[in-house]
Amino acid sequence: MEEIYAKFVSQKISKTRWRPVPPGSLQTAETFATGSWDNEVPALAGWENYVSLWSIGDFGNLDSDGGFEGDHQLLCDIKHHGDVMDLQERIVAASSTGCVTIFLHHPNNQTLSVGQQWARAHCHSGPGSPSCNGAPCTGVVCSNPEIVTVGEDGRINLFRADHKEAVRTIENADSSTLHAVTFLRTPEILTVNSIGQLKIWDFRQQGNEPSQILSLTGDRAPLHCVDRHPNQQHVVATGGQDGMLSIWDVRQGTMPVSLLKAHEAEMWEVHFHPSNPDHLFTCSEDGSLWHWDASTDVPEKSSLFHQGGRSSTFLSHSISNQANNVHQSIISSWLSTDPAKDRIEITSLLPSRTLSVNRGNLLILDKLTEPFELS
């Protein structure tokens with residue numbers, strides 16, 4: 001495993017996102033943004049959060065062993081009102097106040113500024129109402145120039161970076177809290193909520209109802225995170241309050257294809273590797289950061305990762321015969337794995353488990369997700 005570099009930044013980091021490199025580039029990402037939360041400043045008798053832009057080491061120069069030289073360098077930062085609940089492309093920040101902000105990076109003088117802001121993107125009553133109280137914006141996803149947000153108010157907003165008002169709002173899209181959102185395809189999004197449901201929404205449809213609802217069975221633990229397979233868009237991974245990893249095939253059925261026993265506490269992030277999607281990464285409140293390897297090119301895999309007296313195993317699998325119907329080469333390894341014969345290799349990426357690995361630390365440590373695009 002690559003060496004881990006740590007830096008004390010005097011802030012509680014809630015989210016990080018990497019700056020992308022040009023398509024086809026052999027360079028690694030060197031710049032990332034962070035958002036903070038719950039940062040109390042005694043001198044101000046209050047809280048002061050920031051969105052910050054960082055560079056790794058000596059701007060990406062490698063040492064003789066191929067590692068980064070130097071330390072994390074703060075390039076610039078800007079104050080952010082409320083906790084940063086999510087952070088996405090073009091440095092779009094979601095706030096606990098219900099505000100959504102696009103920050104612009106000015107590399108000439110290394111500063112950040114507010115490019116666009118929707119102050120009441122999420123609130124607990126109708127927009128414009130005198131009694132409108134801000135509701136936390138819990139998730140944001142970007143597909144230039146579209147920006148989609150979800151929140152505790154159960155609302156879904158579709159924004160465009162060059163529009164001052166929402167292009168479309170689905171009021172009361174969900175009666176429970178929406179925790180995360182991602183694009184399935186350009187006109188379709190996926191949301192997960194606090195009652196264990198995965199919903200698909202199609203912005204081409206005029207109604208305010210989801211086009212498809214998939215759901216966990218049993219206790220329906222809240223789902224906290226969602227990611228789509230980068231090449232096979234029907235394959236979706238979610239993680240929730242019970243620490244379970246769920247794999248879904250949205251083309252068929254209404255339940256997960258696989259449930260995998262994973263972390264001992266809430267799973268905060270799940271991400272497919274953007275170029276090697278047989279590899280998946282998860283992090284948890286229990287302080288663990290895991291690398292899941294479901295690739296089929298390993299002749300014999302070792303048994304499932306076992307640490308601290310507990311193992312990760314398949315709990316259910318409903319489509320083990322799918323390979324008989326579809327050519328193996330076009331089936332995702334996450335759907336074709338037979339738990340009776342195959343194994344998923346799981347590697348712990350952290351040497352210790354003392355503090356929660358929240359939504360920010362997962363991305364700082366190992367560049368595990370697609371980064372943001374700086375304007």
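Everything numeric here is computed off the predicted structure, so don't read it as measured data.

## Points about the overall build of the protein
Link 1 in the chain: Of the regular secondary structure elements, the protein holds two helices and 29 strands.
Link 2 in the chain: Within the protein, contacts between residues at least 6 apart in sequence are counted, and of these 52% link residues at least 24 apart.
Link 3 in the chain: Accessible surface computed for the protein: about 17,400 Å², of which carbon and sulfur atoms make up 48%.

## A few points about the sheet that holds strand S8 (residues 92-95)
Link 1 in the chain: The strand order across the open sheet built from four strands is S7-S8-S9-S10, with neighbouring strands paired in antiparallel fashion. A single partner strand is all that each edge strand has here, and the edge strands are strand S7 (84-88) and strand S10 (111-118). Neighbour to neighbour, the strand axes of the sheet diverge by 25° on average, direction disregarded.
Link 2 in the chain: When strand S9 (residues 100-106) meets S10, the two strands line up antiparallel, connected through seven bridges. Bridge pairing in S10 places histidine 105 opposite leucine 112.

## Quick notes on unusual backbone geometry
Link 1 in the chain: With an omega of 5°, the peptide bond between asparagine 144 and proline 145 qualifies as cis.
Link 2 in the chain: Take proline 145: it is sitting in the loop between strand S11 (137-143) and strand S12 (146-151).
Link 3 in the chain: The phi dihedral of aspartate 38 is positive, around 55°, even though this residue is not glycine.
Link 4 in the chain: Mapped onto the secondary structure, aspartate 38 falls in the loop between strand S2 (31-36) and strand S3 (40-41).
Link 5 in the chain: Non-glycine residue asparagine 172 carries a positive phi angle of around 50°.
Link 6 in the chain: Mapped onto the elements of the fold, asparagine 172 is located in the loop between strand S14 (168-170) and strand S15 (178-185).
Link 7 in the chain: Taking relative accessible area as the criterion, asparagine 172 reaches 64% and is therefore assigned exposed.

## Quick notes on the confidence of the model for the protein
Link 1 in the chain: For the protein, mean pLDDT is 80; residues scoring 70 or higher make up 75% of the total.
Link 2 in the chain: Contacts from residues 299-329, a stretch scored under 50 in pLDDT, to residues over four places away or in other chains number 68 contacts.

## Looking at the packing of aromatic side chains
Each aromatic ring pair is characterised by the separation of its centres together with the angle its planes make.
Link 1 in the chain: This model, assessed by the stated rule, comprises five aromatic pairs.
Link 2 in the chain: Their ring planes at 25° and their centres at 4.3 Å tell us that tryptophan 118 and phenylalanine 159 sit as a pair that is stacked. Here tryptophan 118, found in strand S10, pairs with phenylalanine 159, found in strand S13 (residues 156-160); they are 41 residues apart in sequence, far enough to count as distant.
Link 3 in the chain: Residue tryptophan 118 is classed as buried on the basis of its relative accessible area of 5%.
Link 4 in the chain: For phenylalanine 159, a relative accessible area of 3% gives the class buried.
Link 5 in the chain: On the numbers, 6.1 Å between centres and 75° between planes, the contact of phenylalanine 272 with tryptophan 334 is edge-to-face. Linking phenylalanine 272 in strand S23 (residues 267-272) with tryptophan 334 in helix H1 (residues 333-336), this pair joins segments that are 62 residues apart in sequence.
Link 6 in the chain: Take tryptophan 334: its relative accessible area is 3%, and that puts it in the buried class.

## A closer look at the side chain of aspartate 286
Link 1 in the chain: Following the sequence through the fold, aspartate 286 ends up in the loop between strand S24 (279-284) and strand S25 (289-293).
Link 2 in the chain: Polar contacts involving the side chain of aspartate 286 include one to the side chain of serine 288, which spans 2.5 Å.

## Focus on the sheet that holds S15
Either a parallel or an antiparallel arrangement is found when strands of a sheet pair, and the pairing is made through backbone hydrogen bonds.
Link 1 in the chain: The sheet built from four strands is open, its strands ordered S15-S16-S17-S18 with antiparallel pairing. Two strands lie at the open edges of the sheet, namely S15 and strand S18 (212-215), each paired on one side alone. Put simply, the sheet's adjacent strands are angled 20° from each other on average, direction ignored.
Link 2 in the chain: Of the pairings in the sheet, the one linking S15 to strand S16 (residues 188-193) comprises six bridges and is antiparallel in character. Paired with alanine 180 across the two strands is valine 192, which belongs to S16.

## Some remarks on the environment of leucine 198
Link 1 in the chain: Looking at where leucine 198 falls in the secondary structure, it is placed in strand S17 (residues 197-202).
Link 2 in the chain: The buried category is assigned to leucine 198, whose relative accessible area is 0%.
Link 3 in the chain: Each C-alpha atom, one on leucine 198 and one on methionine 255, is 9.3 Å from the other, the two residues being 57 residues apart in sequence.
Link 4 in the chain: Other than its neighbours up to four places away in sequence, leucine 198 contacts Leu190, Thr191, Val192, Gln212, Ile213, Leu214, Leu223, Val226, Val236, Thr238, Trp248 and Val250.

## So, the pairing of S23
Link 1 in the chain: Burial within S23 is extensive, with six of its six residues counted as buried.
Link 2 in the chain: When S23 meets S24, the two strands line up antiparallel, connected through five bridges. Within the sheet, the bridge partner assigned to methionine 267 lies in S24 and is serine 284.
Link 3 in the chain: Counted between consecutive antiparallel strands, the loop separating S23 from S24 contains six residues.

## A word on the pattern of salt bridges
Link 1 in the chain: Taken as a whole and judged by the stated rule, the model has 14 salt bridges.
Link 2 in the chain: Aspartate 249 is the partner of arginine 251 in a salt bridge, and the nearest nitrogen-oxygen pair spans 2.9 Å.
Link 3 in the chain: Given the relative accessible area of 0%, aspartate 249 is considered buried.
Link 4 in the chain: Overlapping salt bridges, with partners in common, bring together Lys15, Arg17, Asp86 and Glu269 in one network.

## What to know about the pairing of S11
Link 1 in the chain: Burial analysis of S11 places six of its seven residues in the buried class, the great majority of the element.
Link 2 in the chain: Where S11 folds back onto S12 in an antiparallel hairpin, the turn is made up of two residues.

Thresholds applied
Residues numbered from 1 in each chain as written. Predicted model: local features only at pLDDT ≥ 70, side-chain atom pairs only at ≥ 80, totals over all residues. Heavy atoms only, no water. Helix = DSSP H or I, 4+ residues; strand = E, 2+ residues; numbered from the N terminus. Contact = heavy atoms within 4.5 Å. Areas by Shrake-Rupley, 256 points an atom, 1.4 Å probe, with all protein chains shown as cover. Pairing = 2+ DSSP bridges. Axes fitted to C-alpha atoms, helices over the stretch in contact; angles between N-to-C directions. Buried < 20%, exposed > 50% of the residue type's maximum accessible area, 1.4 Å probe, protein only. pLDDT = per-residue confidence, 0-100. Phe/Tyr/Trp six-rings, centres within 6.5 Å; stacked < 30°, edge-to-face > 60°. Polar contact = N/O pair within 3.5 Å; in protein donor to acceptor, adjacent residues only side chain to side chain. Salt bridge = Lys/Arg side-chain N within 4 Å of Asp/Glu carboxyl O.

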